[in-house]
Structures are given as structure tokens and as C-alpha cells.
Amino acid sequence: MSIHSEYIAPKGWKPKNPDEDYLITELDIELADGVPEDKFEEVAASCAAESSTGTWTKVDEGKHSGTKLAKKLRAVAYDLDPKTKTFKIAYKKEIFEPGNMAGIFAGIAGNIDSMKMIKAFRLLDVRFPKSLVQSFPGPQFGIDGVREFMQIERGPLLCTVPKPKIGRTAKEQAYLAKILFTAANGEFQGIKDDENLTSLYFNKFEDRCKLVHEVQRDVEQKSGKRKMYLCNVTHSDIDVMLDRADMIKENGGRWMMMDVIVTGFAAVQTMRKHNPGLAIHAHRAMHGLLDRESGAGVYDKGVIVDFSMSMVVIAKIMRLLGVDSLHGGAPKGKMENYNEPMLIQQALQEDITPVTDMTLGQNWYGMKGVWHTASGGLHPGTIGESITRLGENLIVQAGGGVLGHPWGIEAGVEAMVQARDIAMQKEDLNKWIIEHPDSALAKAAHYWGFDPKFV
């Protein structure tokens, strides 16, 4: 008998009152070479043990050993499927510190992904109990709060990231912002720093923050239409990030952008707690090292060949930590399985995220929803599907798909606005293009087609 047999639940077992008493994970694994198929249950038990109260051998069970309480608090693996190598683990909530995301993930994922019995692992999903959900701040503004300060009641927000990623001076970026904010009768909302535009000798953060926000204030005063500048505060020193957030606020900004994967859980939670009243736009640079599928992929129920977690898990983490918008991909986007963006959108925006055959669902107990940002190779010919499938609470972010329009930047903005309006009015895109052959949108569609552009 395995030393971890007590970490396997009886067949048919389900946790009672899971949303009150348990944190639940779902895992997909592949057994290491040389580990026979009939050891799957033992490996699942070892995963539950190593991530909760167990270790690799029997240990002292004396009077002061803690083993009595450890047995009471141990996690159990259940719903084992030897065919797909998937299973769930139920953890009693008492083994996690409220409000400590780093501590939670050090437990549920910190050691499993280095176990020698496993050659591939994917954390498919996590479902948090009520007490842990309510121990995190959640978004400060969320969907409704952003709509209120942007003064936009309906529809997605349109935004562009400067391309080339690196090369424009702060002054040149402010010039681009003015074009974006004023083209197409001012119907375009935003400009966003790219992930590697931090504070460079030719484009210092201080200069860019001041100049772009000057343009924003001027355009807003003249047009009466609110604009957004997603200004990148990312740094490995949280004090620098806080100073940059203060500077945004001092210059009349409403948003900050941060790269939430590279800065980490602690940085996101700290910025949410201490920032001066700015919405947090979460860029996910480097997410592929965490969430990219491998092999045939779990969505095809195939063999996986590497270690990862799903983007749905990352979305749940970021909603809890308190971002207001998060990149979650687009249907047929360059980094996603076709259906995954819809699962991400549900995790970000529903009050009760539904259970699917790939996700555990989640009750959010009234926590504010997060704007889903669709990005990655998008252009005017693609955004209609994103709006149709992901809904109106969407930031559509296109860089090359605006700035690369063959008629120029203003035409790129115009084409995006036209595509948005067609989607919102539920008109037929192809019919509209045929009826408006000389439009900026028709030119964009003929130039790029209707599928995202991948690199």
C-alpha cells in the first residue's frame, strides 16, 4: 500500500459545501517514462500529499509532531480519470492564509510541477471558496466604474499600441496619440504603451507621461469625449511603480498599465492597494511561459508534453488581486485555442462563472468584473467576431491593424470604428463592404482579409 493512500478519496466522493470549505484544483498530468499506467492513482495521491500535508516518507508521529492535525487537514484527490490522466484535489480552506495569493500557489502548484513521477503537468483550473474570494480586494473600478469615468454607456473601447514597439520618442508618441484621439470624429478611445516601453533614453517615462496626458486633456476639453492612455509603470522595484502611478495621477491620467506576469502577484496586489485611484490595465507579457499548451493539448484531450497552467487560472488570480482590465486573447487569436477566450471572459466577468468540461467555475460573491482585452494580430476585419463572441465589455487593442492601414493611420482608425459599429448593429460585414467599396474598412479587409495575422 502506498504511504499516500490516505490522500485518495473513496470512489464517488465529492466535497461537501465546496464553496464554503474547500479550495479545489483540477490537473492534467502525464506519467514519467518508466512509471506504469497502474500507478496513476498513486501519483495522484502523491500530488495531493506533496501540495498539502505529506512528504515522501513516514515521519515522526509523536506527541508534538503535528501529525494529528495534519491528518485532519490533508487534501484528497478525487474524480480520477486514468484514461485522460485528469483528477481534482480538494484542499480544506484552513491550510491557506487569506489574502495571500503567493502562499496559495506555493502550496497548490509549488512542488507538484517538480515531482519526478510526472513528465508533464497542466493546472487546468482553481475554484476558490467564499472566504478566500472575499479576502482579496478585487477590481477598484471594474466594468461599470470604467464606463462611468470614461462616460461610455455601451460598446467596446478601441485602443492602439504604437508600432514599432520601440523607436518613437516621447514627443512622437504624443503626436500619435493626437491622431488616434481625433481621427474618425473622435470615436477612438485609447493608446497603450507596449510591454517593453518602460523608461528609455529616447522616451523617458516622465516625458511620455507628461506629453501624452497633455494631449489627452487638450482633446477632451475640445471634444468633450473621454480618452485613455494606458501608461506603462512596469518596473522590478515596486516603489518605482508607485511613484510612476502617482505621476500619472498628477498629470490627469486615469489608467496605469503593468505587466502582471513579470512583476508578480505581490506587485499586482500592492499596486491595487496603494495606487492613487487609477484603473489597472493588466498586460500579460511572458504569459506563454506559464499557460501555453503543449503537444496535442488539453482542449483536444490529447497528450501534453510540458508544464503549464491555463490562462483561465491566471484570469481568476488577476480578478481577485484587483485589475480592471486584462488581456485574454481573441477568437482565432495568435496565442489562443479558439474557445479559450470565451472561458477567460466568463472567469473575468460573470458573477457565477459556469462549470464547463474544461473549467471548475467560480462563485464571485458580487466581486466586480474585469474588462476583457482582445489583442494579438487583430485588424478591422477581425474585431467583429471578437465583439460578437466576447460581448461589449471588451477593449479591442490593435497595433499594426491600425497603423499599417495602406491609406494611413487616420484610415486605420476609421476602419476600426466602422467595424465596431457594424458589429454593434449586428449588420453583415461582407454585405457592408460590398455596399461601401471605397471605405477605409473595405480597403483594410481587402488588404488583410478576415483572419488575425500571426507571427
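Residues numbered from 1 in each chain as written. Predicted model: local features only at pLDDT ≥ 70, side-chain atom pairs only at ≥ 80, totals over all residues. Heavy atoms only, no water.

S.K.: Report on the overall build of the chain, specifying residues and quantitative values.
M.R.: Counting secondary structure elements, the chain contains 19 helices and 15 strands. Here the C-alpha radius of gyration of the chain, 24 Å, is about what a compact globule of 455 residues would show, namely 23 Å. With the C-alpha coordinates of the chain rotated into their principal frame, the extents come out at 75 × 45 × 40 Å. A burial count over the chain gives 55% of its 455 residues as buried. A separation threshold of at least 6 residues defines the contact pool for the chain, and within that pool the share at least 24 residues apart is 74%. Counting every atom, the chain has about 19,700 Å² of accessible surface; 50% of that belongs to carbon and sulfur. The distance from the centre of the 55 positive side-chain charges to the centre of the 60 negative ones in the chain is 2 Å. (Helix = DSSP H or I, 4+ residues; strand = E, 2+ residues; numbered from the N terminus. Rg over C-alpha atoms; globule rule 2.2 N^0.38 Å. Buried < 20%, exposed > 50% of the residue type's maximum accessible area, 1.4 Å probe, protein only. Contact = heavy atoms within 4.5 Å. Areas by Shrake-Rupley, 256 points an atom, 1.4 Å probe, with all protein chains shown as cover. Lys, Arg positive; Asp, Glu negative; His and termini not counted. Charge placed at Lys NZ, Arg CZ, Asp CG, Glu CD.)

S.K.: So what's going on with helix 6 (residues 142–150)? Residues and values would help.
M.R.: By the criterion of burial, helix 6 is predominantly enclosed, with 7 of the 9 residues buried. Turning to helix 6, its buried residues are G142, I143, G145, V146, R147, F149 and M150. The elements touched by buried residues of helix 6 are strand 5 (157–160), strand 7 (228–232), strand 8 (255–259), strand 9 (279–283), helix 14 (340–349) and strand 14 (371–374). Looking one or two places after helix 6, you find Q151, whose phi comes out positive at around 60°.

S.K.: How would you sum up the pattern of salt bridges? Please name residues and give values.
M.R.: Scanning all chains against the criterion turns up 18 salt bridges. In the salt-bridge network here, residues are joined through shared partners; they are E187, K225, R420 and D421. (Salt bridge = Lys/Arg side-chain N within 4 Å of Asp/Glu carboxyl O.)

S.K.: Just give me the short version of the environment of D246, but keep the residues and values in it.
M.R.: As for its position among the elements, D246 is in helix 9 (residues 238–250). C-alpha separation for the pair D246 and T84, spaced 162 residues apart in sequence, amounts to 50 Å.

S.K.: Just give me the short version of the sheet that holds strand 7, but keep the residues and values in it.
M.R.: With respect to topology, 8 strands assemble into a closed barrel ordered 5-6-7-8-9-11-14-15, the strand pairing being parallel. Strand after strand, the sheet turns through a mean of 25° between neighbouring axes, direction not considered. Looking at chain direction, strand 14 and strand 15 (residues 394–397) are connected through 3 bridges and run parallel. In the strand pairing of strand 15, A374 is matched with V396. On the sheet, helix 15 (residues 383–390) packs against strand 14 and strand 15 and is oriented at approximately 165° with respect to strand 15. (Pairing = 2+ DSSP bridges. Axes fitted to C-alpha atoms, helices over the stretch in contact; angles between N-to-C directions.)

S.K.: I'd like a description of unusual backbone geometry, backed by residues and values.
M.R.: With omega at 5°, the peptide bond leading from K163 into P164 counts as cis. Within the fold, P164 resides in the loop between strand 5 and helix 7 (170–186). A positive phi angle, close to 80°, is found at M286, a residue other than glycine. Positionally, M286 belongs in the loop between strand 9 and helix 12 (288–291). M286 sits in the partly exposed class, given a relative accessible area of 45%. A positive phi angle, close to 55°, is found at K426, a residue other than glycine. Here K426 is to be found in the loop between helix 17 (409–424) and helix 18 (429–435). Note on K426: relative accessible area 73%, which makes it exposed.

S.K.: Residue-level account of the side chain of D259, with values.
M.R.: Within the secondary structure layout, D259 lies in strand 8. K192 provides the closest opposite charge to the buried, unpaired D259, separated from it by 6.5 Å. For D259, the residues in contact, after removing those within four places along its chain, are E195, N232, T234, H283 and A285.

S.K.: I'd like a description of the packing of helix 8 (residues 205–223) against helix 9, backed by residues and values.
M.R.: Two numbers describe how helix 8 lies on helix 9: the axes approach to 9 Å, and their chain directions differ by 25°. By the criterion of interaxial angle, the relationship of helix 8 to helix 9 is roughly parallel. Once helix 8 is placed against helix 9, the crossing between them reads as right-handed. Here F205, E206, C209 and H213 of helix 8 lie close against helix 9, whose contacting residues are R244, M247 and I248. Residues that form the contact of helix 8 with helix 9 fall into these classes: 4 nonpolar, 1 polar and 2 charged. (Parallel < 35°, antiparallel > 145°, perpendicular 65-115°, else oblique. Left-handed = near helix turned anticlockwise from the far one by under 90°. Nonpolar A, V, L, I, M, F, W, Y, C, P; charged D, E, K, R; others polar.)

S.K.: Just give me the short version of the sheet that holds strand 2 (residues 76–81), but keep the residues and values in it.
M.R.: Taken together, 5 strands build an open sheet; the order of strands is 2-3-1-4-10 and the sheet is mixed. The open sheet has two edge strands, strand 2 and strand 10 (307–309), and neither has a second partner. Strand after strand, the sheet turns through a mean of 20° between neighbouring axes, direction not considered. Sheet analysis places strand 2 next to strand 3 (residues 86–92), joined by 4 bridges and oriented antiparallel. Across the sheet, D81 pairs through a bridge with T86, a residue of strand 3.

S.K.: Go over the state of the cysteines, please, and point to the residues and values.
M.R.: Applying the stated criterion across every chain, the model contains 0 disulfides. With no disulfide of its own, C209 lies closest to C231 among cysteine sulfurs, the gap being 4.5 Å. Assessed through its relative accessible area of 0%, C209 is described here as buried. (Disulfide = S-S within 2.5 Å.)

S.K.: For the packing of aromatic side chains, give the residues involved together with the corresponding values.
M.R.: Counted under the stated rule, the structure contains 9 aromatic pairs. Relative to Y78, the ring of W13 lies with its centre 5.2 Å away and its plane at 80°, an arrangement referred to as edge-to-face. Here W13 is found in the segment before helix 1 (18–21), whereas its partner Y78 is found in strand 2, with 65 residues between them in sequence. A relative accessible area of 5% means that Y78 is categorised as buried. Aromatic pair F149 and W255: ring centres 5.9 Å apart, planes at 75°, arrangement edge-to-face. Here F149, found in helix 6, pairs with W255, found in strand 8; they are 106 residues apart in sequence, far enough to count as distant. Taken together, the aromatic side chains of W13, Y22 and Y78 make up a single cluster linked through ring pairs. A cation sits over an aromatic face here: R244 above F205, 5.1 Å from the ring centre. (Phe/Tyr/Trp six-rings, centres within 6.5 Å; stacked < 30°, edge-to-face > 60°. Lys NZ or Arg CZ within 6 Å of the ring centre and 35° of its normal.)

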